[in-house]
Amino acid sequence: MNRIDLIRMGLKNLWRRKLRTFLTILGVLIGTSSIIVMLSIGFGMQESYMGMLSRMGDLTTINVYKGYGGGYMDASSGRKSNEVKLNDEAIENFKNIPHVVAATPLVETWGMIVSGKNMAYVTLKGIDPNSMQHFEYKIAEGRLLEPGDNLAVVFGGGMRYNFYNERDLKRGIYTPPDVDLMNDRMVFTFDTSGGYPAMPGEQRPRYKEYNLKVVGVLQEGNWDTDYSVFMPIDTVQKMIKEKEKAENYPQQNKSKDNEYETALVKVDSIDHVEEVQQVITDSGYNAYSLSDSLKEMKKMSSTIQAVLGGIGAISLLVAAIGITNTMVMSIYERTKEIGIMKVIGASIRDIKRLFLFESALIGLLGGIFGIGMSFLLSFGLNHFGSGFFMNVGFEPGSKISIIPIWVVFAALAFSTFIGILSGYYPARRAMKLSAIEAIRTE
Amino acid sequence: MDELINLKNVRKVYRMGDEKIVALNDINLTIYREEFVCLLGTSGSGKSTLLNLMAGLEKPTKGEIIIGKHHIEKMNEKQLAKFRQLHIGFVFQSYNLIPTLSALENVSLSLTFRGVPKKVREKMAKEMLVAVGLGNRLRHKPSEMSGGQQQRVSIARAFVGNPEIVFADEPTGNLDTKTTIEVMDLITDMAREHKQTLIIVTHDPEIAPYGDRIIHLRDGSIEKIVQNKKKEDYA
Ligand SMILES: Nc1ncnc2c1ncn2[C@@H]1O[C@H](COP(=O)(O)OP(=O)(O)OP(=O)(O)O)[C@@H](O)[C@H]1O
Ligand SMILES: [Mg+2]
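Residues numbered from 1 in each chain as written. Chains lettered and ligands numbered in written order. Predicted model: local features only at pLDDT ≥ 70, side-chain atom pairs only at ≥ 80, totals over all residues. Heavy atoms only, no water.

Looking at this structure, how should I read the overall build of chain A?
The helix and strand inventory of chain A stands at 11 helices and 13 strands. Among the 442 residues that make up chain A, the fraction classed as buried is 48%. Within chain A, counting contacts between residues at least 6 apart in sequence, those at least 24 apart form 79% of the total. Just so you have it, chain A exposes about 22900 Å², and 59% of that area is on carbon and sulfur atoms. (Helix = DSSP H or I, 4+ residues; strand = E, 2+ residues; numbered from the N terminus. Buried < 20%, exposed > 50% of the residue type's maximum accessible area, 1.4 Å probe, protein only. Contact = heavy atoms within 4.5 Å. Areas by Shrake-Rupley, 256 points an atom, 1.4 Å probe, with all protein chains shown as cover.)

It is not clear to me how the sheet that holds strand S4 (residues 62-67) of chain B should be interpreted in this structure. Could you clarify?
Residues and elements named next belong to chain B. Read from one edge of the open sheet, four strands run S2-S1-S4-S5, paired in antiparallel fashion. Each of the sheet's edge strands pairs with one partner strand only, and the pair in question is strand S2 (19-32) and strand S5 (70-71). The pairing of S4 with S5 spans two bridges and is antiparallel. Residue isoleucine 67 lies in a different strand from S5, and its bridge partner there is histidine 70. Helix-sheet contacts for helix H1 (residues 47-54) involve strand S1 (3-16), S2 and S4, and the interaxial angle to S1 is about 120°. (Pairing = 2+ DSSP bridges. Axes fitted to C-alpha atoms, helices over the stretch in contact; angles between N-to-C directions.)

Quick question: what am I supposed to make of the packing of helix H3 (residues 103-114) of chain B against helix H4 (residues 118-131) of chain B here?
Relative placement of two packed helices is described by the angle separating their axes and the distance separating the axes. All names here are of chain B. Put simply, H3 and H4 touch, their axes get as near as 9 Å, and they point 125° apart. In terms of their interaxial angle, H3 and H4 are classed as oblique. Regarding H3 and H4, the two cross each other, and that crossing is right-handed. Across from Ala103, Leu104, Val107, Ser108, Leu111 and Thr112 in H3, the residues of H4 making contact are Arg121, Glu122, Met124, Ala125, Lys126, Met128 and Leu129. (Parallel < 35°, antiparallel > 145°, perpendicular 65-115°, else oblique. Left-handed = near helix turned anticlockwise from the far one by under 90°.)

Before we go on, may I ask you to explain the pattern of salt bridges in this structure?
Two side chains of opposite charge can pair, provided their charged atoms sit close to one another. Residues and elements named next belong to chain A. All chains considered together, the criterion is met by 28 salt bridges over all chains. For lysine 66, the salt bridge is made with glutamate 261, and the minimal N-O distance between the two is 4.0 Å. Remark: glutamate 261 occurs in the loop between helix H5 (233-246) and strand S12 (262-267) and lysine 66 occurs in the loop between strand S1 (61-65) and strand S2 (73-74); sequence separation between them is 195 residues. Among the residues examined, glutamate 261 registers a relative accessible area of 48% and is labelled partly exposed. The shortest N-O distance in the salt bridge between glutamate 146 and arginine 143 comes to 3.9 Å. Residue class for glutamate 146 comes out partly exposed when judged on its relative accessible area of 40%. In this structure arginine 143 comes out as partly exposed when scored by relative accessible area, which is 25%. In this structure, a network of salt bridges that share partners links the residues Arg16, Arg334, Glu337 and Glu358. (Salt bridge = Lys/Arg side-chain N within 4 Å of Asp/Glu carboxyl O.)

I'm lost on the sheet that holds strand S10 (residues 221-227) of chain B in this one. Help?
Backbone hydrogen bonds hold the strands of a sheet together, and the pairing may be parallel or antiparallel. Residues and elements named next belong to chain B. Taken in spatial order, the six strands make up an open sheet running S6-S7-S8-S3-S9-S10, and their pairing is mixed. Edge positions in the sheet fall to strand S6 (88-91) and S10, since each of these pairs with one other strand and no more. Direction aside, the axes of adjacent strands within the sheet are offset by 20° on average. Sheet topology note: the strand S7 (residues 165-169)/strand S8 (residues 197-202) ladder contains five bridges and is parallel.

How do you make sense of the interface of chain A and chain B when you look at a structure like this?
For an interface, size is often stated in terms of accessible area lost upon the parts coming together. Of the residues lining the interface, 23 residues belong to chain A; the matching set on chain B comes to 25 residues. With both chains or domains summed, chain A and chain B bury close to 2100 Å², and 64% of this area falls on carbon and sulfur atoms. Three residues, A:Val343, A:Ile344 and A:Ile436, lead the burial of chain A against chain B; their summed loss comes to 27% of the area buried on that side. Applying the counting rule to chain A against chain B returns two salt bridges. Across the pair A:Asp5 and B:Arg121 runs a salt bridge, and its minimum N-O distance is 2.7 Å. Joining chain A to chain B, the criterion identifies seven residue pairs in polar contact (both at pLDDT 80 or more). Elements supplying a minimum of two residues to the side of chain A that touches chain B: helix H1 (3-16), helix H7 (290-343), helix H8 (348-384) and helix H11 (435-440) of chain A. Ranked by residue count, the leading element in the side of chain A that touches chain B is H7(A), at six residues. (Buried area = accessible area lost by both parts, 1.4 Å probe. Polar contact = N/O pair within 3.5 Å; in protein donor to acceptor, adjacent residues only side chain to side chain.)

What is the right way to look at the confidence of the model for chain A in this model?
Atomic detail in the predicted coordinates should be set aside for any region of low pLDDT. A residue-level look at chain A finds 90% of positions with pLDDT of 70 or above and a mean pLDDT of 84. Counting contacts from residues 70-81 of chain A, a segment whose pLDDT is below 50, to residues more than four positions away or on other chains yields 16 contacts. (pLDDT = per-residue confidence, 0-100.)

Would you mind showing me how to read unusual backbone geometry here?
For residues besides glycine, phi is generally negative; the peptide bonds are generally trans as well. All names here are of chain B. Look at asparagine 96: it is not a glycine, yet its phi comes out positive at around 50°. Along the chain, the position of asparagine 96 falls in the loop between S6 and H3. Here the phi dihedral of lysine 195 falls at roughly 55°; this positive angle occurs in a residue that is not glycine. Note that lysine 195 resides in the loop between helix H6 (177-193) and S8.

Please clarify how a nonpolar patch on the surface should be interpreted in this entry.
Residues and elements named next belong to chain A. Together, Leu19, Phe22, Leu23, Leu26 and Ile30 line one region of the surface with nonpolar side chains, adding up to about 490 Å² of accessible area. Tracing the backbone through its elements, the reader meets isoleucine 30 in helix H2 (residues 18-56). Given the relative accessible area of 46%, isoleucine 30 is considered partly exposed. (Patch = residues over 30% accessible without salt bridge, like charges linked within 9 Å, V, L, I, M, F, W, Y side chains within 5 Å.)

Any chance you could explain the nonpolar core here in plain terms?
For soluble globular proteins, the rule of thumb is that nonpolar side chains tend to be buried together. Core analysis: the largest hydrophobic core is formed by 67 residues, its most contacted members being B:Ile5, B:Leu7, B:Leu39, B:Met54, B:Phe90, B:Phe167 and B:Ile199. Broken down by element, this core gets its largest block of residues, 10 residues, from H7(A). Setting aside anything within four residues of it in sequence, one finds B:Leu7 in contact with B:Ile27, B:Asn28, B:Leu29, B:Leu50, B:Met54, B:Glu64 and B:Ile65. In terms of nonpolar packing, the next biggest core, distinct from the first, is built from 44 residues, A:Phe94, A:Ala120, A:Met186 and A:Ala263 among them. (Core = buried A, V, L, I, M, F, W, Y, C linked by side-chain atoms within 4.5 Å.)

Here's what the structure looks like:
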């Protein structure tokens, strides 16, 4: 029997029992769409967390800290035997790890910026101006730091809100800060007394004042950068030295001069973060990245997805039993017909193909309509269900249900596969039917 | 004189629990090409069993069944299906048409399994139905036809692929006398015309004389063989 006749005959057989075929397809439809919708909620959840994380910072940046963990304490030197230095050489080594795009040390210090009547407490972050462009700093105004910058600063997007008017505040008035980050004069000082007169007898260090040149402001909405102020690392280091001098801080050991507490490593894609992080921790550093949380979250959401998918799978299992049932019933009804076909020359292969085709078609059609149904349900959830789902940890404005395109194809393949699988036992029965006995049944 | 079917020491035993039913016992028989053989016997004598064995629908318990050069008893399901498809036509007492298919579709069905394209097989089926006198009933379902008409459809189906052998198990068992004669004439004429070997089972002594040879069965054994025509006439 050739393929076109097989299809024609199979369609005719299904059409002959319209109602039953329809009900069986309905079963597969419900099964498929419940799996897809359940999974789509899982995907929505994942996406929502991803969005949340990416607002917390850059997912492809690894924070590296000097390694304190692991190794033995060397009694004579008081240092861990395998303590690794986080110095320029280490930074260069990070840059050579595959998939690393850029690496920079990070030096932090604290102080105050005064702009006219307004002032703000700030965290100064010194980074390598060469590599700033490689990290995901999204500029809103101006530009990022560039090589050759000196007292240049880039403000985090939320810095505006950090300024306040000390004098007004003292009188109990809060006026919203009215600063133009790009154009107002900004002066940095380590003196955080805010202009209060010194107590009698108090010896205050005489800090230098630095006139900052604002070159850019970052976009708002990133919790990691919003309240930071970025400057070239050399400048910050110099400022720290001057501060220490002003405070009469004991001069540090020269050999340690070049060591940093923190470094940032940028990886080319989120898929390689774990790998790179492993290399870094293996060489003795502590490393942390948001993808750690991402990993946790992925684990959690795949558990949730497995549970949800499992619920959907049960209904597809019921549907599969439905297909088997329909096909077995169809064999009972068609016993004689199968016998006749065998006597007049149908091969057992023809019989098998016919039955498998019919059940596969039920699966496929159920899958197609199930996908249609899923998109409707998904649309409904995204438009009308947000009130409910917001309460269970979804970010406002994010989609509850997301159906990736691969799921559509997987669902089609899977439902057809389920159809074939469910039809397999009935098909075998039909094949094994003795022609002569089948023909005798009335 | 060309031997077509050879049965050697064929025995068929049915087991019903502990009970053994010997349906055929030590049958030795040769059927010649283009011969028309009648199997005659009372109910339960083993006629249908013998026919089914020769058509490869059942396996003998013992013995050999050779058609042409093929050992039927050694073939598997797949080979048997192919063999039936190419060499054998079948007519049943109860017509055994597929109720949901029209006369034309029923007749062309066996060609479908051979992989004959739709246009060709429908043309062949139509010609066959015209030949059995049903040119005006092509689109009728079995339920819309009389018993005689249904049997004509099944005869058309048996002959449409031009098989070498046509088996008929009491083809007139459900028909009245007048229709019986019409149907018997039709079958024999067709078989003669296409030089086919025809083996008919009947318990009706009125029909037996149609055959070149009448094989009398009793309790699973060949009781006697009556030569109706000289072998030379058809060999
Ligand atoms: N499938 C079977 N299982 C058990 N016994 C069977 C089976 N088929 C046939 N028989 C037995 O074999 C014997 C011969 O049966 P068969 O059908 O060949 O008879 P028959 O000559 O065709 O009779 P009838 O004229 O009534 O059709 C009978 O005794 C019958 O009971
Ligand atoms: Mg019989």
